[in-house]
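If you want the building blocks of each chain, they are given just below.
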Amino acid sequence: MYEFILPTDAFQVGGERQDASRPAKGFQADSPDPEGYALQVPDTVLRPHVLQLLEMLPGEPPARGHENEDSKSFTTGSYSFGGGIAGLRKNTTLFPASTSVLCRFVRQLDASFEFGAIAVFQGLKAPLHKDSGNAGTAMSLLAPVSSFRGGGLWVASVAGRILCPDPMSEELGEVLEVAEGHVIFDSRRPHCTMDWEGECKDLVVLAAFTPLSLGKLSEADATHLAKLGFKLPDLA
């Protein structure tokens with residue numbers, strides 16, 4: 001089950017289209033402090049704002065994909081472990097303003113979408129996998145942040161006609177064209193990243209999802225996430 005959303009590679013703000021490949025007008029990073037920059041970002045978050053934040057925020061080892069000198073990932077929000085433990089990621093506490101900006105970006109794309117964590121990836125090609133650590137009843141959202149060609153998301157589908165790009169798999173599925181706009185899909189189905197044109201660093205995407213067992217969050221943690229802008233589903 002998945003949904004394709006209309007293109008979002010440019011936004012109409014103040015009567016002027018702003019492309020993701022160019023900096024947002026009127027906002028410059030005067031210091032390497034991502035929190036200071038995040039506080040300058042207006043209510044309407046553009047893709048260039050997310051790109052700038054990713055450049056300033058610290059990277060971390062990705063959960064999947066092949067990391068190289070041009071790749072980077074940043075994850076914030078909640079986590080779950082072992083099906084019975086849930087809490088706040090370190091970045092949620094260290095970078096609350098940046099986290100709030102990313103939440104606003106997601107809610108601008110789909111105000112009804114429920115999510116408890118966000119990850120931004122640059123230059124990472126996810127291998128064939130299933131996100132078994134995500135809540136089974138919740139969907140995932142994947143959105144373009146940079147402008148790129150290719151880089152679609154192959155998702156296994158009963159009605160699919162496209163062979164999985166992984167040579168070890170004979171499954172059929174469909175390719176969701178993330179470059180054309182954000183998509184919503186079931187991340188517990190097998191999926192992987194298709195090749196894209198250009199350099200490794202040219203592909204930047206944002207994923208919003210719900211970790212398993214968020215019903216185990218403390219009331220204080222759940223309240224804090226809501227204040228930052230996460231839209232938590234009822235997983236009690």
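Attention here is on the structure that accompanies the text.

A few points about unusual backbone geometry
- Positive phi, close to 65°, is recorded for Ser213, a residue that is not glycine.
- When you line up the elements, Ser213 lands in the loop between strand S13 (204-209) and helix H5 (219-228).

Some thoughts on helix H4 (residues 96-109)
- In a regular helix each residue adds 1.5 Å, so 14 residues correspond to 20 Å; H4 covers 20 Å between its end C-alpha atoms and thus fits that length.
- Across the 14 residues of H4, 10 count as buried, placing the element largely inside the fold.
- When H4 is considered as a whole, its buried residues turn out to be Ala97, Ser98, Thr99, Ser100, Val101, Leu102, Cys103, Phe105, Val106 and Leu109.

Here's the deal with the side chain of Thr92
- Relative to the assigned elements, Thr92 resides in helix H3 (residues 90-94).
- Setting aside residues no more than four positions away along its own chain, Thr92 makes contact with Thr76, Gly77, Thr99, His224, Leu225 and Leu228.

Some words on the environment of Leu217
- Tracing the chain through its elements places Leu217 in the loop between S13 and H5.
- Residue classification places Leu217 among the buried residues on the basis of a relative accessible area of 12%.
- Residues Leu217 and Leu88, 129 residues apart in the sequence, show an inter-C-alpha distance of 8.5 Å.
- Excluding anything up to four places from it in sequence, Leu217 contacts Ala86, Gly87, Ala222, Leu225 and Leu232.

Points about the packing of aromatic side chains
- Under the criterion given, the structure shown has three aromatic pairs.
- Consider the rings of Phe113 and Phe115, whose centres lie 6.1 Å apart with planes at 20°: the pair is stacked.
- Judged by its relative accessible area of 0%, Phe115 falls in the buried class.
- Ring centres of Phe115 and Phe230 lie 5.4 Å apart, and the angle between their planes is 55°; this geometry places the pair in the tilted category. Of this pair, Phe115 sits in the loop between H4 and strand S6 (117-122) while Phe230 is found in the segment after H5, placing the two residues 115 residues apart along the sequence.
- Judged by its relative accessible area of 2%, Phe230 is buried.

Cut-offs used in this document
- Residues numbered from 1 in each chain as written.
- Predicted model: local features only at pLDDT ≥ 70, side-chain atom pairs only at ≥ 80, totals over all residues.
- Heavy atoms only, no water.
- Helix = DSSP H or I, 4+ residues; strand = E, 2+ residues; numbered from the N terminus.
- Expected span 1.5 Å × (residues − 1).
- Buried < 20%, exposed > 50% of the residue type's maximum accessible area, 1.4 Å probe, protein only.
- Contact = heavy atoms within 4.5 Å.
- Phe/Tyr/Trp six-rings, centres within 6.5 Å; stacked < 30°, edge-to-face > 60°.

Remember that the coordinates give geometry; whether it matters functionally is a separate question.
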